[in-house]
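Structural features, examined
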Amino acid sequence: MLRYYKRHIGWVIAALLFGVATQLLTPFSAIMEQRMIDLIISGNMEGFRRDLWMAGAVVFAVALSYFFSGVARKCFEARLAESLRGDLYDGIMGRSTVRFEEKDTAEYMSYVTSNAAALAGNLSTPVFYLICYGVSALAVLGIMFYYSPLLACVSILCGFLSMALPLRFNKKLQELLMTRIAKNAAMSVELKEALNGHEVIFSFGALPWLRGRFGKANAEVSEVDQKMGVTLSELENVGQVMNRVAWFVNFLIAGTMAVRGDLSVGTLVMFTSLFGYFSSSLTLYAQMLPLLLSQKKNIQMVLGLIRGEETEFTGKEIPRLEDRVEVRDLSFRYTAEVPVLECLDLTLRKNEKVVLIGPSGCGKSTLIKLLSGKYADYTGAIRYDGTELHDLDNRKLRGLVTVIHQNTFLFNDTLRFNICLGEEFSEEELRRALALSGVDRFLPAIAGGLDGSCGENGAHLSGGQRQRIALARALIRGVKVLILDEGVSAIDVAAANEIEGELLDMEELTLLTITHRIRDGLVERYDRVLEMESGMLRERQRQGR
């Protein structure tokens, strides 16, 4: 986590400088207090007035440094939370498909929104307090040793004894913190499911049951919050009780020395104040250290997400398709017990148009995911122009191969953004993509045209319109290999045939269409028709070919 402190080193330095100044001025004010009391007892009014003005200046300086320290600390906390959210976003979105699917998307949302802010708070204020109060404790000890080594040693012993019991809360706090994170994530999952399933809930009157599930998750969050609050209260109260006991022991010894004449009244008051500062510093350590140590597993989890994509695809070769895609002896299974593909062979030549037919569950979609580099743990070989997939730059493969799925995702933004996705394209490129995909046919009916809103996940558009936009999204980038995974299934038959026919006419496009049933009038236009069943592939023989 040190990199985050380095990233915002200006705020860190400012917070530490003002914080340390505040803590160093505090024991100095105790010395001023001792001097003024002794001056009062001796009747030295001139000296008292002089020191009073100096004491006032010290109080003013403490107030200013305390204010600026707090401002710098909060600014750093805000920037730290911003950095954590940004890095979590990059890490999560950079994960490979396998790693990404290990968690529900609501869990990721919980980490980025609430967990990042909580972690930033727990890694800023406690750290600054521990450093600043540590400096203060050392300064106080130095002053105490100067006036009375015996009392200084007694203060150290009493102070560290007061820390022993609170530090035992570390393990309990860590367990509660991790439970709290898990319960918050579970509640976020229930909320996301309810929001995404609003139409189903409304249509079937399922709200009471779904409300019950959310209520249970909400109650579990409340329960762990209550336990954590009670534990933190216990930690604080134990520290305060031990602090008062230590103060009493120290005051008893110092008071006895003052009665005997070994200490002046002013020195007694000073020692009482100094021990209060020292004991408060140790009490703060007793409270902050368990809280800081309890973050260890949380930090490891967050850093694990920030590390991003964990994949076996570590190749650096630039993907190309000048000849063919070859699949040889390909086998894959999601679990050890259930094979999906077994010893599959396939050759897809450049600019070839191939249709793959098969019933649901036969392995068609899995083959697509493997060809587009979604999964790395297959056996056999997938080669682009003779280079194995594992040796290719997986990120750049996405610019060579594009998959259009049956259910395509659209951002809650304009049609233009959903096609271009932030990239710059010429008006000619845009017009061509709109024409080939058929978007231009329904564009006049959209309020605002290309700059009209799609709504949340394309809620303002029909299923066919959403798929046309997905097709335009691929065509505008000039992809070399286009895979239609039931990609025009939501479009009416006539329009689907027309779009698919136009894709078949594109000479510089390698097309692989995945479907459970080929449309009438199109089968003869494909170079080859392949059939898949139970993970096995065979070529259909056609008459006259």
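Now for a look at the structure at hand. Since the structure is predicted, the reported quantities are computational estimates derived from the model, not experimental observations. Each chain has its residues counted from 1, following the order in which its sequence is written. Reporting of local features is limited, given that this is a predicted model, to residues whose pLDDT is at least 70; pairs of side-chain atoms are given and counted only at 80 or more, and all residues count toward the totals for whole chains, interfaces and linings. Think of the side-chain values as coming from all heavy atoms in the structure, minus any hydrogens and water.

**Brief notes about the sheet that holds strand β5 (residues 387-388)**
- With antiparallel pairing, 4 strands are arranged side by side in an open sheet as β2-β1-β4-β5. Two strands bound the open sheet, and with one partner strand each, they are β2 (338-349) and β5.
- In the sheet, strand β1 (residues 324-335) pairs with strand β4 (residues 379-384) via 5 bridges, with the strands oriented antiparallel. Following the sheet pairing, V327 is matched in β4 by I382.
- Helix α12 (residues 364-371) rests against β1, β2 and β4 of the sheet, and its axis sits at about 120° to β1. Strands are treated as partners if at least two bridges between them are detected by DSSP. Segments assigned H or I by DSSP are reported as helices when at least four residues long, segments assigned E as strands when at least two residues long, and all are numbered from the N terminus. Throughout, a contact is declared for two residues whenever any of their heavy atoms are within 4.5 Å. For helices, the axis comes from a line fit to the C-alpha atoms of the stretch in contact; other axes are also lines fit to C-alpha atoms, and the angle between any two N-to-C directions lies between 0 and 180 degrees.

**Side note on the sheet that holds strand β7 (residues 481-485)**
- With mixed pairing, 6 strands are arranged side by side in an open sheet as β6-β7-β8-β3-β9-β10. Taken across any chain shown, the strands that pair with only one partner, and hence form the sheet edges, are β6 (401-405) and β10 (536-539). Neighbouring strand axes in the sheet, compared pairwise and without regard to direction, differ in orientation by 20° on average.
- As paired strands, strand β9 (residues 528-533) and β10 are joined by 4 bridges and run antiparallel to one another. The residue of β10 that forms the bridge with M532 is L537.
- With respect to the sheet, helix α17 (residues 463-475) is in contact with β6 and β7, its orientation differing from that of β6 by roughly 175°.

**So, the nonpolar core**
- In this text, buried Ala, Val, Leu, Ile, Met, Phe, Trp, Tyr and Cys residues form a nonpolar core when linked through side-chain atoms within 4.5 Å. When a residue's accessible area, from a 1.4 Å probe over protein chains only, is under 20% of the maximum for its type it is buried; when over 50% it is exposed; and in between it is partly exposed. L330, L367, I382 and Y384 are the most contacted members of the largest nonpolar core, which totals 35 residues.
- Element by element, the count of residues in this core is highest for β2, at 5 residues.
- With residues near it in sequence (within four places) discarded, L367 still touches L330, L341, L344, L346, L356 and M532.
- By size, the runner-up hydrophobic cluster in this structure holds 31 residues, among which are V12, A15, Y111 and I299.

**A look at empty space enclosed by the protein**
- Computed over the protein atoms alone on a 1 Å grid, cavities are sets of points where a 1.4 Å probe fits but cannot get out and pockets are open sets with protein on both sides within 12 Å along at least five of seven lines; a residue lines them when it has an atom within 4 Å of a point. Grid points are joined across faces, edges and corners, and a volume is the space filled by probe spheres set on the points. In total, this model carries 1 cavity of 30 Å³ or more according to the counting rule given.
- Around the largest cavity sit V325, L346, L348, L371, Y384, V401, V481 and I483, which together line it.
- Those elements that provide at least two residues to the lining of the largest cavity are β2 and β7.
- Residues are sorted three ways: Asp, Glu, Lys and Arg are charged, Ala, Val, Leu, Ile, Met, Phe, Trp, Tyr, Cys and Pro are nonpolar, and all the rest, Gly among them, are polar. When the residues that make up the lining of the largest cavity are grouped by side-chain class, the tally is 8 nonpolar, no polar and no charged.

**As for the pairing of β6**
- Within β6, 4 of the 5 residues are buried, leaving the element largely enclosed by the surrounding structure.
- Here β6 pairs with β7 via 5 bridges, running parallel. Pairing of H405 across the sheet is with D485, part of β7.

**Re the packing of aromatic side chains**
- In this scheme Phe, Tyr and Trp rings, the latter by its six-membered ring, pair at centre separations within 6.5 Å, and the angle between planes marks the pair as stacked below 30 degrees, edge-to-face above 60, and tilted otherwise. A full pass over the atoms with the stated rule returns 11 aromatic pairs.
- On the numbers, 5.4 Å between centres and 35° between planes, the contact of F332 with Y375 is tilted. Placement of the pair is F332 in strand β1 and Y375 in the loop between α12 and β4, with a sequence separation of 43 residues.
- Joined through ring pairs, the aromatic side chains of Y5, F76 and F128 make up one cluster.

**Notes on the environment of V221**
- If you trace the backbone, V221 turns up in helix α9 (residues 207-260).
- Under the relative-accessibility criterion, V221 is labelled buried at 6%.
- Separated by 28 residues in the primary sequence, V221 and E193 have C-alpha atoms spaced 17 Å apart.

**What about the pairing of strand β8 (residues 510-515)?**
- Burial within β8 is extensive, with 6 of its 6 residues counted as buried.
- Going residue by residue along β8, you find T510, L512 and I514 tucked away on one face and L511, T513 and T515 tucked away on the opposite face as well.
- Looking at chain direction, strand β3 (residues 353-357) and β8 are connected through 5 bridges and run parallel. In the strand pairing of β8, I357 is matched with T515.

**Brief notes about a nonpolar patch on the surface**
- Exposure above 30% relative accessible area and no salt bridge define the residues that can form patches, which grow by joining like charges within 9 Å and nonpolar side chains of Val, Leu, Ile, Met, Phe, Trp and Tyr within 5 Å. Here the Shrake-Rupley method, with its probe set to 1.4 Å, supplies the accessible areas, and only the displayed protein chains count as covering residues. The term salt bridge refers to a side-chain nitrogen of Lys or Arg lying within 4 Å of a carboxyl oxygen of Asp or Glu. A grouping of F18, F60, L64, F67, F68 and V71 is seen on the molecular surface, where their side chains present a nonpolar patch of about 560 Å² in accessible area.
- Take the nonpolar patch: its biggest share by element is 5 residues, from helix α3 (residues 45-93).
- Its place among the elements puts L64 in helix α3.
- Since its relative accessible area comes to 37%, L64 is described here as partly exposed.

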